[in-house]
Every structure is written in C-alpha cells, then in structure tokens.
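A closer look at the structure
What follows is each chain in one-letter form.
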Amino acid sequence: MQNAGRAGLRQTPFELNIQLIMESTRQAKISRLIQKELSEILRRETAKTQGVLVSVSAVRVSPDLSIAKVYLSIFPSAQAKQILENIERNARTIRYDLGTKVRFQLRKIPELAFYLDDSLDYIENIDNLLKEGDA
C-alpha cells in the first residue's frame, strides 16, 4: 500500500532517468532487431539484381515504437535514388515481410521510413579533396 500514496505524485529525477534509460535500451534492442531482419530481407531482394548492394546502416525507432527510420547505404551510388524509390514503393510489402519474421518478438510492427545514408559518399569526397590538396 506504500506505492498507492505516490500514484498522483510527480516522479523524482532519479525515477525519470531510470525510465529514460529503460526506454532507450528498449528502443536500441528493437532497432538492432529491425536492422538485422531488414538487412536479410533486402539482401534477399537485391540478390536478384546484379551488381547492387543495399545495406542497412542504421535504424532509429521513435519512443512510442510506431515509426522506424531506416538508413540505407546503396552501392553503386549512381543508382541510389532509383533503388531508394523502388524500396519506398515496396515499403508495405517489406513491412509485411518484417512482420512475419519478428511477429513473436514485437506486438506492433513500426511504420518504415527509408532514408539514403550518404555518409560514405561524404567521406569519399573529403578523401578526394585531401588528395587534391596534397598534389
């Protein structure tokens, strides 16, 4: 009955920190799970196209677990926009495939939003600029 009196009171900063840590840990676990399964789904789908490599570089899940932002690294980068548009068109099918794989781990499958991760292109550009500076 001691906790019954605290029901209407504000949480202490310590309790809030514990709650935030737990939420972010849960988000991180779900992000890793989605990243692993999406990587496999996209690998299977892109195996049909020769010379295209799509990897899931990061997944960020919203605090309410309703939206997952998926960052994709696509090689060759010349076809990246076209491949990303194709993936976005098939987002519902990809979400369904994800749901069949993680149905026992997740109650609700988040909506998927795909983004192009161009960090590798950015790094390559910096390397090229540095090489030009040395010459």
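All of the points below concern the structure found in this document. Every value quoted in this text rests on a predicted model; they were computed, and no experiment measured them. (Residues numbered from 1 in each chain as written. Predicted model: local features only at pLDDT ≥ 70, side-chain atom pairs only at ≥ 80, totals over all residues. Heavy atoms only, no water.)

**Regarding the environment of Ser-57**
By the element assignment, Ser-57 lies in strand 1 (residues 53–61). Separated by 16 residues in sequence, Ser-57 and Ser-73 have C-alpha atoms that sit 6.1 Å apart. Filtering out sequence-adjacent residues up to four positions away, Ser-57 remains in contact with Gln-35, Tyr-71, Leu-72, Ser-73 and Asp-117. Among the polar contacts made by the side chain of Ser-57, one reaches the side chain of Asp-117 at a distance of 2.6 Å. (Helix = DSSP H or I, 4+ residues; strand = E, 2+ residues; numbered from the N terminus. Contact = heavy atoms within 4.5 Å. Polar contact = N/O pair within 3.5 Å; in protein donor to acceptor, adjacent residues only side chain to side chain.)

**A closer look at the pairing of strand 1**
Bridge analysis of strand 1 against strand 2 (residues 67–75) gives eight bridges, and the strand direction is antiparallel. Paired with Leu-53 across the two strands is Phe-75, which belongs to strand 2. If you look at the hairpin formed by strand 1 and strand 2, you'll find five residues sitting between the two strands, and Leu-65 has a positive phi there, around 65°. (Pairing = 2+ DSSP bridges.)

**Regarding the side chain of Thr-46**
For Thr-46, the location among the structural elements is in helix 1 (residues 13–46). One polar contact links the side chain of Thr-46 to the main-chain carbonyl oxygen of Leu-42, over a distance of 2.8 Å. Dropping the residues within four chain positions of it, Thr-46 is found in contact with Val-52 and Val-54.

Interpretation note: all reported values are geometric properties and have no functional meaning in isolation.
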